[in-house]
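Per-entry structural report
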Amino acid sequence: MIVVPVKEGENIEKALKKFKRKFEKTGVVKELRARQQFDKPSVINRLKKERAVYVQKLQQVEE
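The name that an unreviewed UniProt entry assigns to the chain is Small ribosomal subunit protein bS21. The record held by UniProt for the chain lists under Sequence similarities (unreviewed entry) the comment "Belongs to the bacterial ribosomal protein bS21 family."

So this is what it looks like as structure tokens:
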């Protein structure tokens, strides 16, 4: 359960933004979308490798 403490006088928009950020970090929506269709393990592994290569290239560019 996500709890967002709201201080007295705090804008509701700001509290809603905090809630959305916390909800996004839990990964519930991401998992739900992933479960809607079946992906073969080989496809998942290939995508993970492609992402790892992409992230590694980004890190090398920063250096």
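So, next bit.
For the rest of this paragraph, the subject is a nonpolar patch on the surface. A surface patch of nonpolar side chains, about 380 Å² in accessible area, is lined by Leu16, Phe19, Phe23, Val28 and Val29. Listing elements by their share of the nonpolar patch, those giving two or more residues are helix H1 (12-26) and helix H2 (28-35). Per element, the largest residue contribution to the nonpolar patch is three residues, and it comes from H1. Topologically, valine 29 is positioned in helix H2.

Counted under the stated rule, the structure contains three salt bridges. For glutamate 31, the salt bridge goes to arginine 35, with nearest N and O atoms at 2.7 Å. Taken together, the residues glutamate 31 and arginine 35, both in helix H2 and four residues apart, mark about one turn of the helix. Overall, arginine 35 belongs to the exposed group, its relative accessible area being 67%. Here glutamate 50 and arginine 46 are joined by a salt bridge, their closest N and O atoms 3.8 Å apart. A residue pair is termed a helical-turn pair when its members lie 3 or 4 positions apart in one helix, as glutamate 50 and arginine 46 do in helix H3 (residues 41-62) at four residues.

Another aspect to go through is the packing of aromatic side chains. Counted according to the given criterion, the structure contains one aromatic pair. Taking the centre distance of 6.2 Å and the plane angle of 20° together, the rings of phenylalanine 19 and phenylalanine 23 count as stacked. Of this pair, phenylalanine 19 and phenylalanine 23 are both found in helix H1, four residues apart, which corresponds to roughly one turn of the helix.

Rules and cut-offs
Numbering of residues begins from 1 in every chain and follows the order in which that chain's sequence is written. Only residues with pLDDT of 70 or above have their local features reported here, since the model is predicted, and side-chain atom pairs are shown and tallied only from 80 upward, although totals for entire chains, interfaces and linings are computed over all residues. Excluded from the side-chain calculations are hydrogens and water; all other atoms, namely the structure's heavy atoms, are used. UniProt positions are given in the numbering used here, feature names are shortened, and annotations may be inferred rather than shown by experiment. Here the term patch refers to residues with relative accessible area over 30% and no salt bridge, with like charges joined within 9 Å and nonpolar side chains (Val, Leu, Ile, Met, Phe, Trp, Tyr) within 5 Å. Where accessible areas are quoted, they stem from the Shrake-Rupley method and a 1.4 Å probe; at the residue level, only the protein chains shown are allowed to cover. Think of a salt bridge as a Lys or Arg side-chain nitrogen and an Asp or Glu carboxyl oxygen that are within 4 Å of each other. Secondary structure elements follow DSSP: runs of H or I no shorter than four residues count as helices, runs of E no shorter than two count as strands, and numbering proceeds from the N terminus. Exposed residues in this analysis have more than 50% of their type's maximum accessible area, buried residues have under 20%, and partly exposed residues fall in between, with area computed by a 1.4 Å probe over protein chains only. Stacked, tilted and edge-to-face are the three classes assigned to paired rings of Phe, Tyr and Trp, where Trp is represented by its six-membered ring and a pair needs centres within 6.5 Å; plane angles under 30 degrees give stacked, over 60 edge-to-face, the rest tilted.

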